[in-house]
Amino acid sequence: MLDPDRVTHRIQDLGVGAEGLQHFREWLDGLTGMFLVSGSTSSGKTTTLYALLHELVERKQHVLTIEDPVEYEIDGINQIQVDREHGLDFASGLKSMLRLDPDYMMVGELRDPEAVEVAARAATSGHTLLSTIHARDAVSTVTALRNYGMTANEIAVTVSVIVNQRLVRKLCVHCREKEAIRDDDRAWLEQRGIRPHRELWTASGCKECLHTGYSARTGIFEIWRLSSTDYDMLLSGADERNIRRLLAQHHHEPLVTDAWEKVESGITSLSEVRRATGALRADDWQT
Ligand SMILES: [Zn+2]
């Protein structure tokens, strides 16, 4: 089971910012198609999904989930647990859910071509679906879907919102300190197009944080609400590089932008961001 602290987040507590919240709310208010949360293992994807589920329950929506395992029970939602020994996997669970015609379906994770195929079929037939998928950033989530066999047309018709995220520890507000920036940190930031100030917030340690310098966690987010221009791009079969270029032209904010805002304001430290985003190449961040 997940730590209850992690799953009782409301969408306004996730750390997605005002614009991010607006995208979440627009989707909740009636956008159809898929809402996909991508990231690495332990990036807080499930926490984000559960925050959305809580919101849907409050809106009295009929929600069904298939999960492996059910990590946290929510009143008012029918949650099905994957049971492969008895032939119940994500794909077959999704098929069963479709027959019950819910308003929203949640699939714990899209991690095989069969599940992705059923999810695509559900979404193209007008169903609304939330799920998680393993990918290093928002654009590479599209590549992951392609690799699982989704066609450009299916992706363009069904995917509404892609969130990519990581979890970082929050600096303890009782003892965080400003220190001169280290040369390698400055170089790391500059490679990603950021010109830092002379000082950065860093972890120290006190009684309040049991001398760790950190207290609780938050997410850093990239949120891509796909536009008609983006769909045209996907339909043309554009590769990751070209999609990134187009997004940058339209002021899309990559993960590094949100991460840097949280470092600058002392919510987290640069070492946390570097740890959490280690798998991203500098090129991925270029805008
Ligand atoms: Zn402290």
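Heads up: the structure comes first, above all this text.
First, a word on what this report is: a plain description of the structure on this page. (Residues numbered from 1 in each chain as written. Predicted model: local features only at pLDDT ≥ 70, side-chain atom pairs only at ≥ 80, totals over all residues. Heavy atoms only, no water.)

Looking at the packing of helix α4 (residues 90-99) against helix α5 (residues 113-124)
Counted only if it meets this: For every element, the axis is a line fit to its C-alpha atoms; helices are fit only across the contacting stretch, and the angle between N-to-C directions ranges from 0 to 180 degrees. We count a stretch as a helix when DSSP gives it H or I for four or more residues in a row; a strand needs E for two or more, and each element gets its number in order from the N terminus. Roughly parallel covers angles under 35 degrees, roughly antiparallel covers those over 145, roughly perpendicular covers 65 to 115, and oblique covers all other angles. Each crossing gets its hand from how the near helix is turned against the far one by less than a right angle, where anticlockwise is left-handed and clockwise is right-handed. By definition in these notes, contact holds between two residues if any of their heavy atoms fall within 4.5 Å. In this count, Pro and Cys sit with the nonpolar residues alongside Ala, Val, Leu, Ile, Met, Phe, Trp and Tyr, while Asp, Glu, Lys and Arg are called charged and the others, Gly among them, polar.
Contact pair α4 / α5: the axes reach a minimum separation of 8 Å and the direction vectors enclose 20°. Judged on the interaxial angle alone, α5 and α4 are roughly parallel. Read as a crossing pair, α4 and α5 show a hand that is left-handed. Facing α4, whose interface residues are Phe90, Ala91, Leu94, Lys95 and Leu98, α5 presents Glu114, Ala115, Val118, Ala119 and Ala122. By residue class, the composition of the contact of α4 with α5 is eight nonpolar, no polar and two charged.

Things to note about the packing of helix α9 (residues 228-235) against helix α10 (residues 240-249)
The contact between α9 and α10 brings their axes to 11 Å, and the two run at 165°. Overall, the two elements α9 and α10 adopt an arrangement that is roughly antiparallel. In the crossing of α9 with α10, the sense of the turn from one axis to the other is right-handed. Seen from α9, the contacting residues are Thr229, Asp230, Met233 and Leu234; seen from α10, they are Asn242, Ile243, Leu246 and Leu247. Looking at the contact of α9 with α10 residue by residue, the classes come out as five nonpolar, two polar and one charged.

Re the pattern of salt bridges
What counts, and what does not: Take a side-chain nitrogen of Lys or Arg and a carboxyl oxygen of Asp or Glu: if they are within 4 Å of each other, that pair is a salt bridge. Relative accessibility thresholds used throughout: buried, under 20% of the residue-type maximum; exposed, over 50%; partly exposed, between the two (1.4 Å probe, protein chains only).
Per the stated rule, a full pass over the model turns up 18 salt bridges. The salt bridge involving glutamate 26 is made with arginine 225; its shortest N-O contact spans 2.3 Å. Here the residue glutamate 26 occupies a position in helix α2 (residues 17-28), and arginine 225 occupies one in strand β9 (residues 214-225), the gap between them amounting to 199 residues. What makes glutamate 26 partly exposed here is its relative accessible area of 29%. Across the pair glutamate 109 and arginine 111 runs a salt bridge, and its minimum N-O distance is 3.0 Å.

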